[in-house]
Structures are given as C-alpha cells and as structure tokens.
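Here's the letter readout for the chains.
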Amino acid sequence: MRRKAEAGPPANGTMEFSKDKKIIFSGVQPSGNLTIGNYLGAIKNFGLFQETYNCLYCVVDMHAITVRQDPAELRRRTYETLALYMASGLDPEKNVLFVQSHVPAHAQLGWVLDCFTMFGELSRMTQFKDKSAKNAQNINAGLFTYPSLMAADILLYQVDLVPVGIDQMQHIELTRDIANRFNQIYSDTFKVPEAYIPKTGMKINSLADPTKKMSKSDENQNACVYLLDDRDTIIRKFKRAVTDSDTVVKSAPEKDGINNLMTIYSCFTGKTFEEIEREFDGRGYGDFKLAVGEACADALSPLQTEFHRLMNDKAYLETVMKNGSDYASYLANKTLSKVYRKVGFIAK
Ligand code: TYM
C-alpha cells in the first residue's frame with residue numbers, strides 16, 4: 001500500500017500563513033462569562049499581533065469540562081467567546097479562530113504529552129491546587145492533566161509567543177519543560193514558546209477582594225465586571241469597589257484596591273500612573289471610581305454592539321469556526337504526524 005501524500009492547506013479558507021512571520025497562539029476557556037480581567041490580561045492584546053504575526057486563537061472548550069458545565073451553557077459560551085474575539089477586533093481573515101474540540105489533534109497530542117509530564121510537576125501547579133480546593137467533589141484526572149493538554153494546544157503549532165495573563169505563567173513554563181524534554185529524547189520536534197505578559201493588566205484583581213485575581217468563576221457577581229455588563233451595572237460595580245480608608249488617589253504597595261483601579265483606568269485610557277495621580281489630585285475616591293466606571297463602560301460599548309450583531313448571525317460564526325478549524329487541523333496534523341513517527345507509532 002502507498003502512503004498518502006501529506007494533505008495541503010484546505011481549499012475553503014482565505015487564510016494562508018506567511019513563512020516569514022512568527023507564530024502566536026492563545027486560548028480562553030468558555031467556562032463562565034468573560035471579565036475585564038480576561039480582556040485586559042489577554043484578549044485586548046491579541047489584536048496587537050494580527051498584522052505582524054501568524055495568529056491562532058482558540059476557544060478551549062475541552063479545558064472547560066475539567067469543571068462540570070451545563071451543556072447548553074457551554075455551547076452558548078463557546079459561540080459567545082468566539083464572537084467576543086471578533087468584537088474585540090480580531091479579523092477572521094487575518095487570524096485563525098477556532099474551537100478546540102473541532103481539532104482532534106489537541107486531544108491526540110495531549111495524550112502523548114501526558115506520557116512526558118511528571119506527576120510531581122502536575123502536583124505543583126497552583127491552578128490545580130486552587131481548582132481542586134474549589135471543586136472538592138470533582139477532583140478529576142482531566143483537572144490534574146490540564147497543563148499537558150494546554151502544552152499540546154501550544155506545541156502543535158510551533159508557536160513563538162503566547163499572550164496570557166500572569167496566572168498562566170506556570171503553565172507556560174511547564175510547556176517549555178515538556179518541549180525541551182521531548183526534544184532532548186527525540187531530537188528537535190517542538191519550538192520552545194515564550195509567554196507574552198502585558199506590563200499593565202497582567203493581573204486584574206477582584207473588586208470585592210483586591211488581593212485576589214478577578215475570576216470568571218467567582219460566585220460574587222460584584223467582584224467581577226463582565227464584558228457584557230451594561231453601563232449602569234459597570235458604574236455601580238466600580239462605585240462599590242473595595243478600597244482603603246485613605247482618600248488620596250495615589251499608588252502605594254499596601255493600597256491593593258486603588259492600585260487595581262488605577263491599573264484598570266490606565267488600561268482603558270492609556271494614561272500612566274503619574275498622569276492619573278495628577279488628574280485626580282485634590283479629588284476623592286468617589287470621583288475616581290466614577291471615572292474608572294465611565295472609562296470602562298465607554299471602551300466596552302462598541303465591543304458590545306459588535307458582539308450582539310455577531311451573535312445574531314450564528315451561521316457566520318459557524319463558517320468562521322469551520323474555516324478556522326480546517327486550517328488549524330492542517331497545521332496541527334503536520335506536528336502530530338512527526339510526533340507519532342518519533343515515538344514509534346506506525347503511519348496509517
Ligand atoms: P482562562 O480562560 O482562565 O483565561 C483566559 C485568559 O485571560 C487571562 N486572565 C487574566 N488576566 C489578567 N487578570 C485576570 N484577572 C485574568 N483572568 C484571566 C488568563 O491569563 C488567560 O490568558 N489555561 C488557560 C486557557 C488555555 C490557554 C491554552 C492559554 C488553554 N490552552 C494555550 C494560552 C495557550 C486559561 O485557563 O485561561
């Protein structure tokens with residue numbers, strides 16, 4: 001029997017990666033309503049790269065089921081996350097936008113990498129420890145091996161840069177360790193990726209407890225500002241944000257609440273901390289909180305309008321995800337077949 005020639009790029013999409021450009025990959029779990037933490041730490045930055053890099057952005061639905069999900073809600077949030085990528089400015093003609101479960105190579109490489117990831121390494125992951133404390137009834141194997149699936153997401157595409165918030169740094173470091181380990185055993189197979197962490201916005205904290213990360217799975221709705229919150233809700237949440245008993249808008253190491261609000265304001269307005277301190281010199285926290293709420297609502301308003309327009313056109317979203325996953329599969333299968341061959345699987 002003759003071996004099949006390697007498949008070329010799919011004919012249906014307009015997408016074709018340029019050989020001279022570096023590659024970017026990132027993903028967001030459709031596991032809750034997305035917050036301004038997801039936006040400022042990750043999604044807002046994705047658009048920065050679309051002209052100069054080959055970019056893939058994935059809705060990682062397979063990661064989401066490591067925590068119990070309602071199936072209808074998971075489906076709705078998967079569409080929503082894709083629409084939010086696009087409403088944030090990602091052009092599907094310039095970026096490969098797709099859903100993780102549509103590209104089986106993620107699960108296939110995930111299994112192989114499970115066999116190159118150590119129990120001790122996975123046990124040290126802080127996200128695993130946090131999530132197992134929160135989901136004591138459901139500490140499943142997927143939650144434990146989550147980082148090797150995440151490594152597969154990245155390593156499949158020979159990625160240079162992974163834009164994420166600081167909470168994902170430990171996972172990226174493990175991805176690098178797994179890649180290096182595999183490369184040492186089998187010769188160069190994977191590009192070893194680097195994280196891109198934004199200077200401002202790498203960790204947006206909860207409005208209810210500014211010592212903790214803002215998280216889409218937080219049960220306290222006032223702790224988070226969601227990307228789809230309406231203007232009044234956004235302004236109300238910022239007005240109620242926990243701060244200290246001081247009144248001067250000035251950053252200081254112990255002023256977690258004010259530091260967090262200044263970071264959010266800086267991300268939405270582009271102003272530096274010094275400019276913000278000058279702007280609010282002689283004015284109290286009340287004025288400042290209102291300004292942060294208004295800046296956030298103003299920035300999210302066009303995104304929300306575009307989001308609702310896209311959500312009314314499911315057929316278009318489905319075309320985008322289909323074209324994206326066809327091209328992603330084409331790229332992913334090249335790496336997967338190399339890996340299968342190197343570990344000793346017989347080619348089909
Ligand atoms: P997830 O879905 O928790 O978050 C998506 C992105 O948002 C960032 N982020 C934040 N940044 C700043 N402040 C916050 N409060 C905040 N909360 C979340 C996250 O750092 C992330 O960049 N494991 C990933 C998803 C994933 C992935 C990947 C990412 C799966 N495979 C491959 C990159 C590459 C996660 O749980 O993200």
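Just so it is clear, the model here is predicted, and its values are computed rather than measured.

S.K.: Looking at this model, I keep getting lost on empty space enclosed by the protein. Mind explaining?
M.R.: If a probe as big as a water molecule is rolled over the atoms, it shows which places are left empty. Scanning the entire structure with this criterion turns up 2 cavities of 30 Å³ or more. If you add up the space inside the largest cavity, you get close to 70 Å³. Around the largest cavity, the lining residues are Gly32, Asn33, Leu34, Arg77, Glu80, Thr81, Leu84, Tyr226, Leu227 and Leu228. The residues that make up the lining of the largest cavity include at least three from each of domain 1 (23-200 + 314-343) and domain 2 (221-309). For the second largest cavity, the calculated volume is near 50 Å³. Along its surface, the second largest cavity is lined by Met125, Gln127, Phe128, Lys131, Leu143, Tyr146, Pro147 and His171. Among the secondary structure elements, those contributing two or more residues to the lining of the second largest cavity are helix H6 (126-134) and helix H7 (141-155).

S.K.: Before we go on, may I ask you to explain the packing of helix H3 (residues 71-87) against helix H13 (residues 314-343) in this structure?
M.R.: Helices that pack against each other are described as a pair by the angle of their axes relative to one another and the distance between those axes. Remark: H3 packs on H13, axes separated minimally by 11 Å, with the N-to-C direction vectors making an angle of 80°. On the basis of the axis angle, H3 is roughly perpendicular to H13. Seen from H3, the contacting residues are Tyr79, Leu82, Ala83 and Met86; seen from H13, they are Lys314, Tyr316, Leu317, Glu318, Val320 and Met321. Residue composition of the contact of H3 with H13, grouped by class: 8 nonpolar, no polar and 2 charged.

S.K.: Would you explain the pattern of salt bridges in this entry?
M.R.: It is possible for side chains of opposite charge to pair when their charged atoms get near one another. Applying the stated criterion across every chain yields a total of 15 salt bridges. The salt bridge partner of Arg77 is Glu73, with a shortest N-O separation of 2.9 Å. Of this pair, Arg77 and Glu73 both sit in helix H3, 4 residues apart, which is roughly one turn of the helix. Of the residues examined, Arg77 reaches a relative accessible area of 10% and is grouped as buried. With its nearest N and O atoms 3.6 Å apart, the salt bridge here joins Lys250 to Glu277. Within this pair, whereas Lys250 is found in the loop between helix H9 (231-239) and helix H10 (256-269), its partner Glu277 is found in helix H11 (residues 273-279), the two being separated by 27 residues in sequence. Accessibility expressed as a relative area gives 45% for Lys250, which makes it partly exposed.

Analysis parameters
- Residues numbered from 1 in each chain as written.
- Predicted model: local features only at pLDDT ≥ 70, side-chain atom pairs only at ≥ 80, totals over all residues.
- Heavy atoms only, no water.
- 1 Å grid on protein atoms, 1.4 Å probe; cavity = no way out; pocket = protein on both sides within 12 Å on 5 of 7 lines; lining within 4 Å.
- Points joined across faces, edges and corners; volume = space filled by probe spheres on them.
- Domains from an automatic or database assignment.
- Helix = DSSP H or I, 4+ residues; strand = E, 2+ residues; numbered from the N terminus.
- Axes fitted to C-alpha atoms, helices over the stretch in contact; angles between N-to-C directions.
- Parallel < 35°, antiparallel > 145°, perpendicular 65-115°, else oblique.
- Contact = heavy atoms within 4.5 Å.
- Nonpolar A, V, L, I, M, F, W, Y, C, P; charged D, E, K, R; others polar.
- Salt bridge = Lys/Arg side-chain N within 4 Å of Asp/Glu carboxyl O.
- Buried < 20%, exposed > 50% of the residue type's maximum accessible area, 1.4 Å probe, protein only.

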